[in-house]
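As a plain string of letters, each chain reads:
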Amino acid sequence: MSTKSRKTEHIKIAINKNVQFRKKTAGFENVSFESVELKYKALPELDKKEVDLSTEFLGKKLKAPLMAEAITGGVEEAKKINKDIAKACEAVGVGMGLGSQRAMIEKPELKETYIVRDVAPKIFLAGNIGITELGKHSAKEIEKALDGVGADALAVHINAAQAAMQPEGETNFKNRVEELRKLVKELKKPVYVKEVGHGIGLETAKALAKTGVKAIDVAGAGGTSWIAVDSLRGKKGLGETFWDFGIPTVQSIKECRKVFKGKIIASGGIRTGLDCAKAIAIGADLCGMALPVLKAQQKGGSAAVEKYLKKIVEEMKTAMFLVGAKDLKQLRGKAVVKN
Ligand SMILES: Cc1cc2nc3c(=O)[nH]c(=O)nc-3n(C[C@H](O)[C@H](O)[C@H](O)COP(=O)(O)O)c2cc1C
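Small disclaimer: the values here were computed from a predicted structure and weren't measured. (Residues numbered from 1 in each chain as written. Predicted model: local features only at pLDDT ≥ 70, side-chain atom pairs only at ≥ 80, totals over all residues. Heavy atoms only, no water.)

*Asks:* Please explain the state of the cysteines as it appears in this structure.
*Replies:* Between two cysteines, a covalent bond joining their sulfur atoms is known as a disulfide. Tallied over the entire structure, the rule returns zero disulfides. The structure places no disulfide on cysteine 89, whose sulfur is separated from the nearest cysteine sulfur, that of cysteine 276, by 13 Å. You can call cysteine 89 buried: its relative accessible area is 0%. With no disulfide of its own, cysteine 287 lies closest to cysteine 276 among cysteine sulfurs, the gap being 3.8 Å. (Disulfide = S-S within 2.5 Å. Buried < 20%, exposed > 50% of the residue type's maximum accessible area, 1.4 Å probe, protein only.)

*Asks:* Would you mind showing me how to read the site of the ligand here?
*Replies:* As a matter of local geometry, the ligand sits amid 23 residues, with Ala70, Asn128, Thr224, Arg271 and Ala290 nearest to it. Isoleucine 71 has a polar backbone atom sitting 2.9 Å from a nitrogen atom of the ligand. Between the ligand and glycine 269, the relevant distance is 2.9 Å, taken from an oxygen atom to a main-chain nitrogen or oxygen of the residue. Protein chains shield 96% of the accessible area of the ligand, which is 600 Å² for the free molecule. Taken together, the residues of the shell around the ligand break down into 11 nonpolar, eight polar and four charged. (Near = heavy atom within 4 Å. Polar contact = N/O pair within 3.5 Å; in protein donor to acceptor, adjacent residues only side chain to side chain. Areas by Shrake-Rupley, 256 points an atom, 1.4 Å probe, with all protein chains shown as cover. Nonpolar A, V, L, I, M, F, W, Y, C, P; charged D, E, K, R; others polar.)

*Asks:* Mind showing me how you'd approach helix H11 (residues 273-281) here?
*Replies:* Residues spaced three or four apart along an α-helix face the same direction, because each turn holds 3.6 residues. Within H11, eight of the nine residues are buried, which leaves it mostly tucked inside the rest of the structure. Among the residues of H11, Gly273, Asp275, Cys276, Ala277, Lys278, Ala279, Ile280 and Ala281 are the ones counted as buried. The opening residue of H11, the one whose side-chain oxygen lies 3.2 Å from the backbone nitrogen of leucine 274, is threonine 272. Of the residues flanking the end of H11, it is glycine 283, one or two places downstream, whose phi is positive at about 135 degrees. (Helix = DSSP H or I, 4+ residues; strand = E, 2+ residues; numbered from the N terminus.)

*Asks:* In this structure, what is going on with the pattern of salt bridges? I would like to understand it.
*Replies:* Where charged atoms from two side chains of opposite charge approach closely, those side chains can pair. Per the stated rule, a full pass over the model turns up 23 salt bridges. Measuring nitrogen to oxygen at the nearest pair gives 3.9 Å for the salt bridge that ties aspartate 327 to lysine 326. For aspartate 327, a relative accessible area of 22% puts it in the partly exposed group. Overall, the relative accessible area of 39% leaves lysine 326 in the partly exposed class. (Salt bridge = Lys/Arg side-chain N within 4 Å of Asp/Glu carboxyl O.)

Have a look at this one:
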């Protein structure tokens with residue numbers, strides 16, 4: 001199957017089927033966001049209006065520590081999806097990730113489907129490529145793809161769990177860390193790594209720390225299950241067994257924080273501003289959401305995405321007020337983790 005029709009199928013399945021982890025509460029009780037409580041401060045000694053969510057990520061200023069995660073590109077419907085999301089991100093002052101740029105590297109005429117700078121000139125924008133593509137394309141080709149869309153950085157996605165469910169998935173993950181290290185050295189723009197929804201644990205974070213990547217986006221288990229998405233379209237039948245496989249987001253943040261000094265993006269099942277505040281309290285720097293952003297876009301275009309992101313910001317601000325944190329630095333450490 002071509003990359004193009006696979007992408008169209010991914011979007012259709014993600015919107016119309018239940019593709020989220022099923023065990024969010026039951027199986028992950030010690031590591032879900034319900035297991036993290038923020039410490040309420042009845043006298044916060046703050047005016048809520050003064051709570052400051054602003055931050056910096058890879059050289060760009062953000063009004064809140066949020067980003068719409070990588071979703072799409074390379075197919076006709078991606079054009080509107082990307083522009084709608086980008087426009088909302090620009091209005092709210094948060095970052096955005098484009099979907100995998102493999103399609104546009106292979107077919108430059110598809111570049112148009114990733115273009116958002118006309119509606120979002122200021123946002124932090126991440127380009128995207130799969131780690132198994134690194135051996136096939138030079139740093140120069142990748143740099144050109146990033147420049148072509150005006151990206152500030154490159155997100156390299158790692159997706160062994162997803163690939164293992166795809167009938168046509170690339171499952172050779174040998175030597176990928178070395179390829180990544182080489183790319184980080186050769187590329188002019190900063191590189192970070194992201195999972196796609198099954199989490200990054202201690203050993204992987206340790207290996208990534210040695211590559212020079214600037215950030216890790218944990219994309220942990222608890223939100224969109226890519227095993228679910230790909231098993232719903234494949235014929236291997238492994239998806240039912242592996243549906244909930246992976247490292248839960250909360251655990252992933254904690255494990256990465258132990259061994260990685262760079263920035264950490266919490267994603268994978270982040271659904272409210274309270275989840276974001278909890279993620280930052282336990283060690284993350286930024287939070288990302290994919291499926292809820294796509295669903296809002298499908299429902300009401302850019303305006304609906306903007307409304308959703310603004311709600312997340314307001315919830316986050318409220319959570320910070322209630323723990324007496326006037327900025328993100330003060331939010332760190334304000335959580336109790338129940339085990
Ligand atoms: C329809 C869809 C397409 C996605 N495509 C990509 C992609 O091209 N590259 C990538 O790195 N991640 C991709 N992701 C993964 C997301 O960026 C994110 O890491 C993951 O969905 C977990 O976040 P969530 O639980 O908020 O959806 C995609 C997610 C969805 C829902």
